[in-house]
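# Close look at the chain arrangement
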4 protein chains.
Amino acid sequence: MKAVVLHAIEDLRIEQRDEVDLGPGQVRVRIESGGICGSDLHYFHHARMGDFPVREPFVLGHEAAGTVAEVGSGVTSVAVGDRVAINPSHPCRTCDYCRTGRENLCAEMIFLGSSRRFPHVQGMFAQSYVTHERQCVAVPAGTPSAVAAFAEPFSVALHAVSHAGSLLGRRVLVTGAGPIGALCLTAARLGGAASIEITDVLPEPLKVAEAIGATRTINAADPGDPIADPARPRGRFEVAFECSGHPSALRTCLEQLAPGGTLVQVGTYADPKVVVPADYVMVKELTLKSSFRFAREFPLAVDLLASGRVDAAPLLSHEFDLADAMKAFRTAADRKQAMKVHIRF
Amino acid sequence: MKAVVLHAIEDLRIEQRDEVDLGPGQVRVRIESGGICGSDLHYFHHARMGDFPVREPFVLGHEAAGTVAEVGSGVTSVAVGDRVAINPSHPCRTCDYCRTGRENLCAEMIFLGSSRRFPHVQGMFAQSYVTHERQCVAVPAGTPSAVAAFAEPFSVALHAVSHAGSLLGRRVLVTGAGPIGALCLTAARLGGAASIEITDVLPEPLKVAEAIGATRTINAADPGDPIADPARPRGRFEVAFECSGHPSALRTCLEQLAPGGTLVQVGTYADPKVVVPADYVMVKELTLKSSFRFAREFPLAVDLLASGRVDAAPLLSHEFDLADAMKAFRTAADRKQAMKVHIRF
Amino acid sequence: MKAVVLHAIEDLRIEQRDEVDLGPGQVRVRIESGGICGSDLHYFHHARMGDFPVREPFVLGHEAAGTVAEVGSGVTSVAVGDRVAINPSHPCRTCDYCRTGRENLCAEMIFLGSSRRFPHVQGMFAQSYVTHERQCVAVPAGTPSAVAAFAEPFSVALHAVSHAGSLLGRRVLVTGAGPIGALCLTAARLGGAASIEITDVLPEPLKVAEAIGATRTINAADPGDPIADPARPRGRFEVAFECSGHPSALRTCLEQLAPGGTLVQVGTYADPKVVVPADYVMVKELTLKSSFRFAREFPLAVDLLASGRVDAAPLLSHEFDLADAMKAFRTAADRKQAMKVHIRF
Amino acid sequence: MKAVVLHAIEDLRIEQRDEVDLGPGQVRVRIESGGICGSDLHYFHHARMGDFPVREPFVLGHEAAGTVAEVGSGVTSVAVGDRVAINPSHPCRTCDYCRTGRENLCAEMIFLGSSRRFPHVQGMFAQSYVTHERQCVAVPAGTPSAVAAFAEPFSVALHAVSHAGSLLGRRVLVTGAGPIGALCLTAARLGGAASIEITDVLPEPLKVAEAIGATRTINAADPGDPIADPARPRGRFEVAFECSGHPSALRTCLEQLAPGGTLVQVGTYADPKVVVPADYVMVKELTLKSSFRFAREFPLAVDLLASGRVDAAPLLSHEFDLADAMKAFRTAADRKQAMKVHIRF
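### Things to note about the pattern of salt bridges
Tallying each qualifying case throughout the model produces 76 salt bridges over all chains. Notably, a salt bridge pairs Arg251(C) with Glu255(C), separated by 3.1 Å at the nearest N-O pair. Linking Arg251(C) with Glu255(C), this pair stays in helix H6 (residues 247-256), spanning four residues, or about one helical turn. A salt bridge links Lys340(D) to Glu63(D); the nearest nitrogen and oxygen atoms lie 2.9 Å apart. Taken together, the residues Lys340(D) in strand E21 (residues 340-344) and Glu63(D) in the loop between strand E6 (58-59) and strand E7 (64-71) connect sequence positions 277 residues apart. The pair formed by Lys340(D) and Glu63(D) is uniform in burial state, with each residue classed as buried.

### Some words on the sheet that holds strand E16 (residues 237-242) of chain B
The strand order across the open sheet formed by 12 strands is E15(B)-E14(B)-E13(B)-E16(B)-E17(B)-E19(B)-E19(C)-E17(C)-E16(C)-E13(C)-E14(C)-E15(C), and the pairing between neighbours is mixed. The sheet is open, and its two edges are formed by strand E15 (216-219) of chain B together with strand E15 (216-219) of chain C, each paired on a single side. Taking each pair of neighbouring strands and ignoring which way they run, the sheet shows an average axis angle of 15°. With four bridges joining them, strand E14 (residues 195-200) of chain C and E15(C) adopt parallel strand pairing. Counted as the bridge partner of Glu197(C) is Arg216(C) from E15(C).

### Concerning the relation of the copies chain A and chain C
With an RMSD of 0.0 Å, the fit of chain A onto chain C corresponds to turning through 180° and sliding 0.0 Å along the axis. Here the transformation between the copies is reduced to the relation of a two-fold axis. Of all interface residues in chain A, 100% are interface residues in chain C too; the two copies therefore contact each other through one and the same surface.

### Points about the interface of chain A and chain D
Note on interface size: it is often stated as the accessible area lost on association of the parts. Facing 37 residues of chain A, the contacting portion of chain D comprises 37 residues. Buried surface at the junction of chain A and chain D, summed over both partners, amounts to about 2,900 Å²; 54% is from carbon and sulfur atoms. Contact with chain D buries area across many residues of chain A, yet Met282(A), Glu285(A) and Ser290(A) alone supply 24% of it, more than any other trio. At the boundary of chain A with chain D, the tally comes to two salt bridges.

### Overview of the pairing of strand E19 (residues 287-290) of chain D
In this sheet, E19(D) lies alongside strand E19 (residues 287-290) of chain A in antiparallel orientation, the contact comprising three bridges. Paired with Lys289(A) across the two strands is Thr287(D), which belongs to E19(D). Sheet topology places strand E17 (residues 257-265) of chain D next to E19(D); four bridges connect them, and they run parallel. If you follow Thr262(D) over to E19(D), its bridge partner there is Thr287(D).

### Digging into the domain arrangement of chain A
All names here are of chain A. When the domains of chain A are assigned, the result is domain 1 (2-150 + 312-344) and domain 2 (156-290). Facing nine residues of domain 1, the contacting portion of domain 2 comprises 13 residues. Carbon and sulfur atoms make up 72% of the surface buried where domain 1 meets domain 2, a total of about 970 Å² over both sides. On the surface where domain 1 and domain 2 come into contact, there are one salt bridge.

### Considering the interface of chain A and chain C
Contacts between chain A and chain C engage nine residues on the former and nine residues on the latter. Carbon and sulfur atoms supply 28% of the area that chain A and chain C bury against each other, a total of about 910 Å² over both sides. Ranking the residues of chain A by area buried against chain C places Arg93(A), Arg99(A) and Arg296(A) at the top, with a combined share of 72%. Put simply, chain A and chain C have four salt bridges between them. Among the salt bridges present, the one from Glu103(A) reaches Arg99(C), with a minimum N-O distance of 2.9 Å.

### Let's talk about unusual backbone geometry
The step from Phe118(B) to Pro119(B) runs through a cis peptide bond, and the omega angle for that step is -5°. Examined against the element boundaries, Pro119(B) turns out to sit in the loop between strand E10 (110-111) and strand E11 (128-132). At Arg93(A), a residue that is not glycine, the phi angle is positive and equals roughly 70°. Looking at where Arg93(A) falls in the secondary structure, it is placed in the loop between strand E9 (89-90) and strand E10 (110-111). Using a relative accessible area of 23% as the deciding quantity, one classes Arg93(A) as partly exposed. Backbone geometry at Arg293(A) places phi at a positive 50°, although glycine is not the residue there. Taking relative accessible area as the criterion, Arg293(A) reaches 24% and is therefore assigned partly exposed.

### Brief notes about the packing of helix H1 (residues 38-46) of chain B against helix H9 (residues 325-332) of chain B
All names here are of chain B. Two elements in contact, H1 and H9, have axes whose closest approach is 10 Å; the angle formed by their N-to-C orientations is 105°. On the basis of the axis angle, H1 is roughly perpendicular to H9. When H1 is examined against H9, the residues Asp40, Leu41 and Phe44 are found in contact with a partner set consisting of Met326, Phe329, Arg330 and Ala332.

### Brief notes about helix H6 (residues 247-256) of chain D
All names here are of chain D. Among the 10 residues that make up H6, seven are buried, leaving the element largely enclosed by the rest of the structure. Every buried residue belonging to H6 is among Ala249, Leu250, Thr252, Cys253, Leu254, Glu255 and Gln256, and all of these are buried. Check the buried side of H6 and you find it contacts strand E13 (171-175), strand E16 (237-242), E17, strand E18 (273-277), helix H7 (278-283) and E19.

### A look at the confidence of the model for chain A
Mean pLDDT over chain A: 96, with 100% of residues reaching 70 or higher. Taken over the whole predicted complex, pTM reads 0.96, whereas the ipTM for its chain interfaces reads 0.95.

### A short note on the nonpolar core
All names here are of chain B. Within the largest apolar cluster, 55 residues are counted, with the highest numbers of intra-cluster contacts made by Phe154, Val172 and Phe241. Elements represented by at least two residues in this core include exactly helix H2 (145-148), helix H3 (151-162), strand E13 (171-175), helix H4 (179-190), strand E14 (195-200), helix H5 (203-211), E16 and helix H8 (298-307). Taken domain by domain, this core gets at least three of its residues from each of domain 1 (2-150 + 312-344) and domain 2 (156-290). Those residues in contact with valine 172, other than ones at most four positions away along the chain, are Leu167, Ala188, Ala193, Ser195, Ile196, Glu197, Phe237, Val239 and Phe241.

### Focus: the side chain of Arg99(D)
The residue Arg99(D) is located in the loop between strand E9 (89-90) and strand E10 (110-111) in this model. With relative accessibility at 7%, the residue Arg99(D) sits in the buried group. Not counting chain neighbours up to four residues away, the residues in contact with Arg99(D) comprise Pro91(B), Arg93(B), Cys98(B), Arg99(B), Thr100(B), Gly101(B), Glu103(B), Arg296(B), Arg93(D) and Thr94(D).

### Observations concerning the environment of Glu133(A)
Residues and elements named next belong to chain A. Locating glutamate 133 in the fold gives a position in the loop between strand E11 (128-132) and strand E12 (136-138). In the structure, glutamate 133 is positioned 58 residues away from valine 75 in sequence and 6.6 Å away in space, judged by C-alpha atoms. Those residues in contact with glutamate 133, other than ones at most four positions away along the chain, are Gly25, Gln26, Val27, Gly74, Val75, Thr76, Ser77 and Val78. A polar side-chain atom of glutamate 133 sits 3.1 Å from the main-chain amide nitrogen of threonine 76.

### With respect to helix H9 (residues 325-332) of chain A
Residues and elements named next belong to chain A. For H9, the set of buried residues is Ala325, Ala328, Phe329, Thr331 and Ala332. The arc that holds every buried residue of H9, seen down its axis, measures 165°, which confines them to one face. Residues of H9 that are buried sit in contact with strand E1 (2-8), strand E2 (11-16), helix H1 (38-46), strand E20 (316-321) and strand E21 (340-344).

### Some remarks on the environment of Glu56(A)
Residues and elements named next belong to chain A. Along the chain, the position of glutamate 56 falls in the loop between strand E5 (52-53) and strand E6 (58-59). For the pair glutamate 56 and threonine 143, spaced 87 residues apart in sequence, the C-alpha separation works out to 35 Å. If near-sequence neighbours (up to four positions away) are discounted, glutamate 56 is found in contact with Leu6, Phe118, Pro119, His120 and Gln122. At 2.5 Å, the side chain of glutamate 56 and the backbone nitrogen of histidine 120 are in polar contact.

### Digging into the packing of helix H3 (residues 151-162) of chain D against helix H8 (residues 298-307) of chain D
Residue and element names in this part refer to chain D. For the pair H3 and H8, interaxial distance at closest approach is 8 Å and the crossing angle is 110°. When the interaxial angle is binned, H3 and H8 end up roughly perpendicular. Classified by chirality, the crossing of H8 by H3 is right-handed. On H8, the residues that touch Ala151, Glu152, Phe154, Ser155 and Leu158 of H3 are Phe298, Leu300, Ala301, Val302, Leu304 and Leu305.

The rules behind these values
Residues numbered from 1 in each chain as written. Chains lettered and ligands numbered in written order. Predicted model: local features only at pLDDT ≥ 70, side-chain atom pairs only at ≥ 80, totals over all residues. Heavy atoms only, no water. Salt bridge = Lys/Arg side-chain N within 4 Å of Asp/Glu carboxyl O. Helix = DSSP H or I, 4+ residues; strand = E, 2+ residues; numbered from the N terminus. Buried < 20%, exposed > 50% of the residue type's maximum accessible area, 1.4 Å probe, protein only. Pairing = 2+ DSSP bridges. Axes fitted to C-alpha atoms, helices over the stretch in contact; angles between N-to-C directions. Least-squares fit on C-alpha atoms with pLDDT ≥ 70 in both. Contact = heavy atoms within 4.5 Å. Buried area = accessible area lost by both parts, 1.4 Å probe. Domains from an automatic or database assignment. Parallel < 35°, antiparallel > 145°, perpendicular 65-115°, else oblique. pLDDT = per-residue confidence, 0-100. Core = buried A, V, L, I, M, F, W, Y, C linked by side-chain atoms within 4.5 Å. Polar contact = N/O pair within 3.5 Å; in protein donor to acceptor, adjacent residues only side chain to side chain. Arc of directions from axis to C-beta. Left-handed = near helix turned anticlockwise from the far one by under 90°.

What follows is the structure, encoded as structure tokens:
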């Protein structure tokens, strides 16, 4: 079977790999669709994540869905031919965090496609992937794998909105209209937000945001201060989701939140030392929460995508065949062109 | 101006009344549409509410909207010609409840159309109603008064769902598909519930519920136990809204809630001594909340109705002219025919 | 080794039993002190629990502490000679409840000293008990086993107060001053309640409650209504813990709670069909929660007892030797004499 | 009557002022004790607060208690001779924040002793102060005014801990052992925290902290990292209260909080641009809340101080007569000598 393997910066190769044997409880999934995430792109461009360089051939990919091709001994929850989305999150399942619903904070977490450990935790950008049955969530027959593969990033968005409590009737700001920002917009809309305004510095992603239901799109690169409302100088949003990872967007959120508001930080900052305008935070008694990956939202994400309550299709801007994986990555890196880019395996 | 006045059981008269003068801060509203509520019907049939009989000619009605016809001195927030929905809730605004967002619990509450005090607090079923400007919430030009008059019952529903926390992804049960049950369904859907099943003992209201987005409708009068799921003998719902006021529906909710679930009691019981199956409640560690009227949801209700985020139109089954007020009440009392009945003034 | 074995109603025998071999991960604990709980007494008097009769010789006891006498292969967290409190709660550790901090709701729960399954889950009233190391929580050298054995009932109290949110500054009512009521008083005091009033129908337990810090003790059997406050006819408590299992106490709680208040039901009703005055609940918008056993509070309970933050000693009214187990049970059944009765093994 | 008036930097004069007449609802209070707060000291040293310079003779002081000397027409809640603590917070009482329990966020807030408006809002460091009766909270006869004057800073601490939810059984860190840090320690202890560790860079305030119940005191100026625990490299505290206003203390809090923990920022930063280590915040999914003054905690603070549930006496390091006001301020500015300094009027 073939896999998409990163060897060094922008050195992505399609390689033949042997199929591995199945252990008890394991299943072999023919991967049909895999989404390229921002962290995959980061690896592609930098061959590292923070302090953790890529030190061996490394398969990327943690957003994938496909069809079960083979099951190991003792497998009961899925059968050959079942369509599944694969949850890339492997917490230890025994620590206090894992036993109180916060498994994303597990110190022993194994997350697919990460160089944090060595040997690296290989990802799923391959024609075949072997995993434990409990990582598989069944997908109904009528749901394309390209939709099911959105379960992972949509889990991230569902987790982010869960930090803000009920959004019913709330005025929401999202900064950053990339895939995660767009999915946070989707999740906030699903949660009943009265209005959702979204910013970006490019018009293209804002057009997608408009198509999926943004109340208003704002180009933050426009001169002046297009977000501020003179009638509400202390801010007019009750909840903000910062999805860009840009300090200026954080500042915008803190300025535009009404007193008592809540910021959920979802985007990752390139520079971990972020300057926060503490005076805004203090006098307005804001709450700042960070949202890290997701906890137990994966099955719900599959359910909402499969039932049609949430429509991910407008976010899928490109699909490439495996042979064009390099082109897929280059396209995904161009925010003017691409929202979410998938590879077909 | 004419008013709909209750004198005794089923003795409803259309009477001429003098216009009163406006005091400072007051406005005169030409009532255009008024909805008949369950409590109005109760007064119609019993001429009392609990221990409080109707002791003087009594104008019913607390769901109404219209156009401002005249403003008193000092009024700044509305002007002649403005369309408004009128909030019937007059808390004292100074007690601890009023100052912590729970004004519906105010001991000094004055609520329109109630015989609890004497002289009674007269209601709004009249061609003209004088109120303080702060009771008025502006309605956009394009929103019919018949829609705006839903602000009050929809506030009740928004308040009920607020007791259950975020509904995003939750499995919800609603018992009772009358106007309040249907509006709780609407609010729960707006809040992102993954599924909403609703029961009634009549097929007609269930048809309406289906039209407005129920995942499944259940005729509780069917033989057998149409709600129970053998695969989840301890219950399959995370949240239940009991909107019927029937002890058997309460029992159904407690049986069908999964352990750890939440019941919100919205309907009023005819007999205040309700038998609760405590064993269910205890072993499943359920939370039971009651929801009483509404607190500060009225402006949000207007906003959601006016913006089209919520469509109340399918719930408006009948509109009658003032002259047919008696027919309007008789129709409203027939659950096979009527969902919400409005009177045009 | 000897064990206290129930054969039939009030037929309690001290019998010789063989020691069992240790499996991997298991430890043998020499039980030093075991507390008699209300459910032990219920078995003693009725030889059944609800629909589950005692069908085989049955060792009672789920409140116990002792010293590790032997460890099986692979045991790492405790060593021979360690003093431990034993957690009688064995949830499945894999279901959704177990993975979100609500393991007391686990459908596969195994709880010591219960006839719900057959063969019965035997309890710990024996000189020696074999359990898995993860059920053991270390107890410091200076803490008597008679104190450590309070970890289980104090976990119940900590779990109950956890349902009420922060108690800091709250006015609290506890109905029923038996061991669980007294421990809820203790936990509410620890949590910063501004005042805690407690009721019972006997003066003796109220004396103990006074000694451990009740703001006021109330004999509910006194003529008149000793709890009501004419100055606050709608009730003066923000939180109530109903620990008696008597419907009249429930009614008292619902009457005496201020609007918006919270009731936590901790006591078990003999008759599961409880009549609730729904009118109180509705108009005051009360929240009713039930508290079932405990979830993850056991280590915290040991910590608070061992560190002296909580003093359980005033609650230990009697200690009997194993030979006097029958006398211990008879004493425990007499609420005029006994608060908590322990057996020394 | 005499008042303590700031004219310029360190120019504090005792001046004679005329008594003003009482309006309806007003009362004249003979101030008996007034506490010097950090913001009073800031005005003393800088004659400004942020962008708001002192532009006219300015009476400081917002922590004060005394005896009612005269009441205006219509006053019903207090009488001449009553002892009272005066709440310096005057929210508008009508905005959404004031009506939902968050009056500290009111945009129209008038807070005593502030140069934010012009004419300035004068404070209470005077022999006599006229206020509305609703600002007065009755103090029992046995409670010294020097204790009652702690109601204001203790309200700040109660508000801070309210942001952290229930502290029962939590491991708490407090950074900064000045009066606010010490009162947060007191409030966290009252709320049932299992352990409270507190840092400062001076040994003197840490000695006071030890005396009032700190589990452990840590001199953050000691070489090495005296707080870190190698056994819990991701942090060991569940809640941190940052009371120093020093960025290094903020960093310590974020490092030492366990994943999922909560920081409450209480201290004010001199430089509003604070560098936050976002990587810690993100990966550990921390919650950062800021706490600004207090909301509705003032009566509870009086109650807890007066009832003896909380003992403020160990925090009162100095009392000076009015004539020595300058010395009082100089002493208060020396953290090696002073914890809380009061002026007797």
